[in-house]
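Notes for the structure review
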Amino acid sequence: MDGRDIGVSPRRCRRFLEGCALHREDMLMRRRPLLTTIFALSAPATLAVSRTGLANTWPARPVRLVVPFPPGGSPDLLARRLADRMAATVPHPVIVENRPGAGGTIGADIVAKSAPDGHVLGLSNLAPHAVGPAVYPTIPYDPLRDFTHIALLGEFPLVLAISADRPWRDLDAFLAAARTRPATLNVGTPGNGTAAQVSLHMLRTLTGAETVHVPFRGGTAAALETVAGRIDATVAGFGELSGNDRLRFLAMASTQRLPTRPEVPTFREQGVDLVATVWFGLCAPAGLAADLVDRLHAASEAAMSAPDAVALTARLGGVPRRSLTRTEMANFVRSEAERWGAAARAAGVRAE
């Protein structure tokens, strides 16, 4: 059928159809900006709903708490106490996963590269988040941009320890032996890129006592080698050494003596201005929803302020725990990265 069948000329019919097509195209052009605007406005709302819903439904499966140190030391014990407390309040288990190596940077990198959905958390620490970036030239993450820093769990001063059967009775005697025989005394640490390694270099600068650095996978392993007589001393977090009664503690890198170990003098008391505290925190990948961060922060505070956790921290040689907000924790990590990064660079410390 054409225009003649209904009494309309073909030319007028063609013009009418062309006009309809132009009108339809014009309407589509007018609607396109409107649809673009609607999609642009609805996308953040959809994302917000999704991210808010994340905290309401978390966890949807077991949660991994990555500890970048070996089992058995104070980091592992703290993480397990936190995991047990958190697991008691959620419908899925919180599983501690030890991933040691490279001064804690291996475990930290696993956390940094995980999805920010709350199912992979990490134990943050001075080594991978403050010292490591200055020590390892090709570290695969940024300690600030790639993480959500949530809460402070505990702080432990470093300590210099020797085997109880060694002849040195105090710090002065040990330093005198190191000066008499430069680069012959072997001192173990929890590993390359740790605060203990930097502190050992600082001790050399402050006293002129040159020792040989021997890195281990954790302070517990270094302590065992010290007791066995295969190395001469260990510098590590007090919590990793405090349970070994075959060690003699020569000096603690705190501002004052610990109430739980009043017999151990500080470096400062003995004329060496060395203060170094190892801290542990809870972190997650960057981009974690704010309400989930709040929930995890509250859970961490409740867990670590419980009487059994307070007793554990004291037994491991920790200083009284500070309660930091999530903003204060992020600022704390930033300041620690600046301070220890500068110290590592000044001492010329590099991963060995």
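First things first, this report covers the structure right here in the doc. (Residues numbered from 1 in each chain as written. Predicted model: local features only at pLDDT ≥ 70, side-chain atom pairs only at ≥ 80, totals over all residues. Heavy atoms only, no water.)

All told, the structure shown has two cavities of 30 Å³ or more when counted by the stated rule. The computed volume of the largest cavity comes to approximately 150 Å³. What lines the largest cavity is a set of 17 residues, and nearest its centre among them are Phe 69, Asn 125, Pro 190, Glu 240 and Val 278. Sorting the residues of the lining of the largest cavity by element identifies α2 (74-87), α4 (126-135), β4 (147-163), α6 (195-207), β7 (233-237) and β9 (277-285) as the ones contributing at least two each. (1 Å grid on protein atoms, 1.4 Å probe; cavity = no way out; pocket = protein on both sides within 12 Å on 5 of 7 lines; lining within 4 Å. Points joined across faces, edges and corners; volume = space filled by probe spheres on them. Helix = DSSP H or I, 4+ residues; strand = E, 2+ residues; numbered from the N terminus.)

For helix α9 (residues 290-304), spanning 15 residues, the distance from its first C-alpha to its last is 21 Å, which sits close to the expected 21 Å at 1.5 Å a residue. For α9, the complete set of buried residues consists of Leu 292, Val 293, Leu 296, His 297, Ser 300, Glu 301, Ala 303 and Met 304. (Expected span 1.5 Å × (residues − 1). Buried < 20%, exposed > 50% of the residue type's maximum accessible area, 1.4 Å probe, protein only.)

Right, let's talk about the pattern of salt bridges for a bit. Here the structure, examined in full by the defined rule, presents 17 salt bridges. Each of Arg 64, Glu 97 and Arg 99 takes part in salt bridges that share partners, so that together they form one network. (Salt bridge = Lys/Arg side-chain N within 4 Å of Asp/Glu carboxyl O.)

Let us look at the side chain of Arg 166. Examined against the element boundaries, Arg 166 turns out to sit in the loop between β4 and α5 (171-180). At 3.2 Å, the side chain of Arg 166 and the side chain of Asp 232 are in polar contact. What Arg 166 contacts, discounting residues up to four positions off in sequence, is Gly 229, Ile 231, Asp 232 and Arg 248. (Polar contact = N/O pair within 3.5 Å; in protein donor to acceptor, adjacent residues only side chain to side chain. Contact = heavy atoms within 4.5 Å.)

Moving on: the nonpolar core. Core analysis: the largest hydrophobic core is formed by 86 residues, its most contacted members being Leu 65, Phe 174, Phe 267 and Leu 296. Those residues in contact with Leu 296 that lie beyond four places of it in its chain are Trp 58, Met 86, Leu 121, Ile 150, Leu 282 and Leu 288. Ala 161, Leu 241, Leu 247 and Phe 249 belong to the second largest nonpolar core, which has twelve residues in total. (Core = buried A, V, L, I, M, F, W, Y, C linked by side-chain atoms within 4.5 Å.)

Bringing the pairing of β4 into the picture now. Within β4, 17 of the 17 residues are buried, leaving the element largely enclosed by the surrounding structure. Bridge count for β4 against β9 is nine bridges, and the pairing is antiparallel. Counterpart to Thr 148 in the pairing with β9 is Ala 284. Pairing analysis gives four bridges linking β4 to β7, with the strands arranged antiparallel. (Pairing = 2+ DSSP bridges.)

It is worth spelling out the layout of surface pockets at this point. As a volume, the largest pocket reaches approximately 330 Å³. Taken together, 17 residues line the largest pocket, and the ones lying closest to its centre are Glu 155, Ser 254, Thr 255, Thr 277 and Val 319. Sorting the residues of the lining of the largest pocket by element identifies β9 and α11 (326-347) as the ones contributing at least two each. It is α11 that provides the largest number of residues to the lining of the largest pocket, a total of three residues.

Our focus in this paragraph is the packing of α4 against α11. As a packed pair, α4 and α11 sit with axes 8 Å apart at the nearest point and diverge in direction by 40°. Here α11 runs oblique to α4, going by the angle between their axes. Considering only the axes of α4 and α11, their crossing is right-handed. Contacts between α4 and α11 involve Leu 126, His 129, Ala 130, Val 131, Ala 134 and Val 135 from the first element and Val 333, Glu 336, Ala 337, Trp 340, Gly 341, Ala 344 and Arg 345 from the second. The residue makeup of the contact of α4 with α11, split by class, is nine nonpolar, two polar and two charged. (Axes fitted to C-alpha atoms, helices over the stretch in contact; angles between N-to-C directions. Parallel < 35°, antiparallel > 145°, perpendicular 65-115°, else oblique. Left-handed = near helix turned anticlockwise from the far one by under 90°. Nonpolar A, V, L, I, M, F, W, Y, C, P; charged D, E, K, R; others polar.)

With respect to the helices and strands, Ser 199 occurs in helix α6. We classify Ser 199 as buried; its relative accessible area is 3%.

This brings us to the packing of aromatic side chains. Tallied over the full model, the rule gives six aromatic pairs. Sitting over the ring of Phe 332, Arg 322 keeps its end group 5.1 Å from the ring centre. (Phe/Tyr/Trp six-rings, centres within 6.5 Å; stacked < 30°, edge-to-face > 60°. Lys NZ or Arg CZ within 6 Å of the ring centre and 35° of its normal.)

Our next topic: the pairing of strand β6 (residues 212-215). Summarising the sheet, strand β5 (residues 186-189) and β6 pair through four bridges and their orientation is parallel. Looking at the pairing, Asn 186 lines up with Val 212 of β6. Between the parallel pair β5 and β6, the chain is carried across by α6, and the sense of this crossover is right-handed. (Right-handed = clockwise from strand over helix to strand, strands pointing away.)

Our focus in this paragraph is helix α7 (residues 219-227). Of the residues making up α7, those classed as buried are Gly 219, Ala 222, Ala 223, Thr 226 and Val 227. Considered in projection along α7, the buried side chains sweep an arc of 135° and stay on one side of the axis. Close packing links the buried residues of α7 with β4, β5, β7, α8 (238-241) and β8 (247-252). (Arc of directions from axis to C-beta.)

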